[in-house]
There are 2 protein chains.
Amino acid sequence: MASPIASPTPIESQSQSVGIVQTQFATLFDASRVLTLEGGHRLDHVTVAFETYGELSPAKDNAIFVCHALTGDAHVAGLHSADSRKPGWWDGLVGPQKALDTTKYFVICANVLGGCQGTTGPSCRNPVTGKPYGLQFPFITVGDIVEVHAALIHHLGIVRLLGLVGGSLGGMQVLEWVARYPEMTQCAICLASAAKLSAQGIAFNAVGRRAITADPDFKDGDYYGHDPSRYGDVGPLFGLSLARMIAHITYLSEASIERKFGRDLQHGDHLEYNLEKETEFKIESYLHYQGQRFVERFDANSYLYLTRAMDYFDLAGRYGSIQQALGKTNARFLITSYQTDWLFPSIQSGEIVKALVETRRHVTYLELESVFGHDSFLIEIKQLEELVTPLLAETYRRTRVTWTTQCLRPM
Amino acid sequence: MASPIASPTPIESQSQSVGIVQTQFATLFDASRVLTLEGGHRLDHVTVAFETYGELSPAKDNAIFVCHALTGDAHVAGLHSADSRKPGWWDGLVGPQKALDTTKYFVICANVLGGCQGTTGPSCRNPVTGKPYGLQFPFITVGDIVEVHAALIHHLGIVRLLGLVGGSLGGMQVLEWVARYPEMTQCAICLASAAKLSAQGIAFNAVGRRAITADPDFKDGDYYGHDPSRYGDVGPLFGLSLARMIAHITYLSEASIERKFGRDLQHGDHLEYNLEKETEFKIESYLHYQGQRFVERFDANSYLYLTRAMDYFDLAGRYGSIQQALGKTNARFLITSYQTDWLFPSIQSGEIVKALVETRRHVTYLELESVFGHDSFLIEIKQLEELVTPLLAETYRRTRVTWTTQCLRPM
């Protein structure tokens, strides 16, 4: 196993990239240290897949933890090999001289508990049966996800984070982190997110789950083949692909679909087509393509567990009120929402901001212009950079001043 | 076959109802009068299922045609039997002393071409093969639907309608009627509709169709059993149910889901549930119920054909511009949209209104308050009544004045 704090190898030709990176693994819970979940179940083996970029400072005061969204993974930036053409999912934001500047900060991202990209989840071997968990995997919450990531931060020898950053389900994790560990971060950046998912969001997730569980190949979640980590070969591929298509529409705005596809037909005369061929409109073939690609990299059971965790997330329900959840931290908040995001509308970010203002926390809120709907936080990098860069720089400056002052103070 | 203009039997106990009504049938196209579709295909047998309420005046100047939406049928008002508990789908709007007052007006509604409630569609017998059409049924457009209904109006001996009324796909039909036959109606009421479906709407329809066509029981559309008119026994029931669930979410607003279901759980402690049981949230079980009920009354192939017709509807594409499509009529328009309708947002009604104003047509437009999203036009009856009643009364008064004047004028 690679050292958890190994720095990535820079590539000369990609000066703006963190270069070649490796996913690392840490076993954080085992028989001697069992993880007790919010629902009461226990997991006595939890491995976490994570990546790091940049160097942890000697004072360990420059660590930023990135919380990924529903179908993300630990691979935020750089490339996994020299011939890879697919950089990490937030490569525009993380790297030398980027918003999360890896020449200054030590950036960490880890796959979530219940996921399928290296961290323990339903496709992993159940030590009791020797077979993949499937639906035997216990119910998990956003709180459980954060608990495992907090253990990783501890494992890396970090006491306090400079910042937490996340969008969508990642933003929910940021809020949960702050509620659970009010002193663990200096700033909290929560993008396109909410203190709870809307009822409409729950409805879309529910239909997606039904598409999966009613697929004849779902087999009550026990569909894994010889190699459970090879997704796309077996399982409810049609149901999962359909779930992704439904969700994908909710990530886009009408304006972005209109701009990208309009009502354009794939073929010529629209009255001379074959009904069985379901790709007349370009948006149809695009969604179909997205569904097909998704099943190759994602496990259907993980999709069930993680959408559930998202549906059940309710900061006020868990902590009494949003005020009570967020009022104990001194972290500086940056909250953004996007005008065309109808899955996590601005009104929901507004609820978080209201609670922060009422409890006199330090918060900057912006409703940003973008045509890209919910996906904006992944796409509008420049916009985000302008907000994130000064916030991190200022927070880091203050952190160091405080620490220096503390050192000079007589014991 | 009942007389096409038979009036329904009133029930004493339901003074506000049109009473017991019967669906009637008319064969409007046959070998001697073939229907040529917009796509060029020909249908040499078209039967239309329709219902009428009220009495046609001797001058035949009081007829109002109701265009139903995607999954509607000819049964707008009244009951099909004395022990029925399910009145027609717009019973609140159609009846004695209601907005479409059956003591004054003669109201007609007919099932659409390609439908599955009595009018010729994919579940009907293909005269060539002797078996149900299935996917051999030709592609149909909103124009074809209107053409068949225009033939029905002619069959009933009506030269000019007092009004056309419809919401959603029904509203698209109203617009197509006016474009195709500018002199055939005195007023046109178009609710929660658009001159073309949004790209997002197309995307949701496409995913719904994929759910149907990829269901193993779809069998390339050739799934009918012994009695093709018995839906719910055979065919892609799961796919159709899922398509309905997806669509149903788009008919609701966040506010209406929140108000009706919130994030309420069905059961007690939310962390002690069985993942296989997909009905934790009330909205989930509601959607599931809607999906189950739908497959009992609707044919999957009809769903494919009618959503296609909706997707391809494009008034400007067909007639050059909305202005050219609607600028030739002297009909008085009432256009309404609903604040919380995100499937047919107000901006789309605005495009219709803009074209009518630019061509100096007579139009009243209102964006109405309602929490019920796209479904508002089916639910907010009182609101609609206040707009529709005076418009019809005034139009009818003017019609009669004009006709009288014409009679008095020397030949």
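Everything that follows concerns the structure shown earlier in this document.
So, a few notes on the structure that sits alongside this text. Note that the structure is predicted; figures quoted are calculated from it, not measured. (Residues numbered from 1 in each chain as written. Chains lettered and ligands numbered in written order. Predicted model: local features only at pLDDT ≥ 70, side-chain atom pairs only at ≥ 80, totals over all residues. Heavy atoms only, no water.)

## Quick word on the pattern of salt bridges
Counted according to the given criterion, the structure contains 28 salt bridges over all chains. With a shortest N-O distance of 3.3 Å, B:R209 and A:E284 are connected by a salt bridge. Within this pair, whereas B:R209 is found in helix 3 (residues 199-213), its partner A:E284 is found in helix 6 (residues 282-297), the two belonging to separate chains. The burial state of B:R209 is the same as that of A:E284; both residues are buried. (Salt bridge = Lys/Arg side-chain N within 4 Å of Asp/Glu carboxyl O. Helix = DSSP H or I, 4+ residues; strand = E, 2+ residues; numbered from the N terminus. Buried < 20%, exposed > 50% of the residue type's maximum accessible area, 1.4 Å probe, protein only.)

## Section: helix 7 (residues 300-312) of chain B
The end-to-end C-alpha distance of helix 7 of chain B is 19 Å, a good match for the 18 Å that 13 residues give at a rise of 1.5 Å each. Counting buried residues along helix 7 of chain B, 13 of its 13 residues qualify, which places the element largely inside the surrounding structure. (Expected span 1.5 Å × (residues − 1).)

## Digging into the packing of helix 3 (residues 199-213) of chain A against helix 4 (residues 237-251) of chain B
Contact geometry for helix 3 of chain A and helix 4 of chain B: axes closest at 10 Å, N-to-C directions at 170°. One way to sum up the angle between helix 3 of chain A and helix 4 of chain B is to call them roughly antiparallel. Of the residues in helix 4 of chain B, those touching helix 3 of chain A at A:Q200, A:A203, A:F204, A:V207, A:R210 and A:A211 are B:F238, B:L242, B:M245, B:I246 and B:I249. Residue composition of the contact of helix 3 of chain A with helix 4 of chain B, grouped by class: nine nonpolar, one polar and one charged. (Axes fitted to C-alpha atoms, helices over the stretch in contact; angles between N-to-C directions. Parallel < 35°, antiparallel > 145°, perpendicular 65-115°, else oblique. Contact = heavy atoms within 4.5 Å. Nonpolar A, V, L, I, M, F, W, Y, C, P; charged D, E, K, R; others polar.)

## Section: the sheet that holds strand 4 (residues 46-53) of chain A
Residue and element names in this part refer to chain A. The mixed open sheet is built from eight strands, whose spatial order is 1-4-8-5-9-10-11-12. The strands lining the two open edges of the sheet, one partner per strand, are strand 1 (24-29) and strand 12 (362-368). For this sheet the average axis-to-axis angle between neighbouring strands, irrespective of direction, equals 20°. Summarising the sheet, strand 10 (residues 185-191) and strand 11 (residues 332-338) pair through five bridges and their orientation is parallel. Paired with C190 across the strands is I335, a residue of strand 11. (Pairing = 2+ DSSP bridges.)

## Focus on the packing of aromatic side chains
Enumeration according to the criterion identifies 36 aromatic pairs over all chains in this entry. On the numbers, 5.6 Å between centres and 15° between planes, the contact of A:F204 with B:F204 is stacked. Within this pair, whereas A:F204 is found in helix 3, its partner B:F204 is found in helix 3, the two belonging to separate chains. Taking the relative accessible area as the measure of exposure, A:F204 reaches 5% and is therefore buried. Their ring planes at 80° and their centres at 5.2 Å tell us that B:F139 and B:Y312 sit as a pair that is edge-to-face. (Phe/Tyr/Trp six-rings, centres within 6.5 Å; stacked < 30°, edge-to-face > 60°.)

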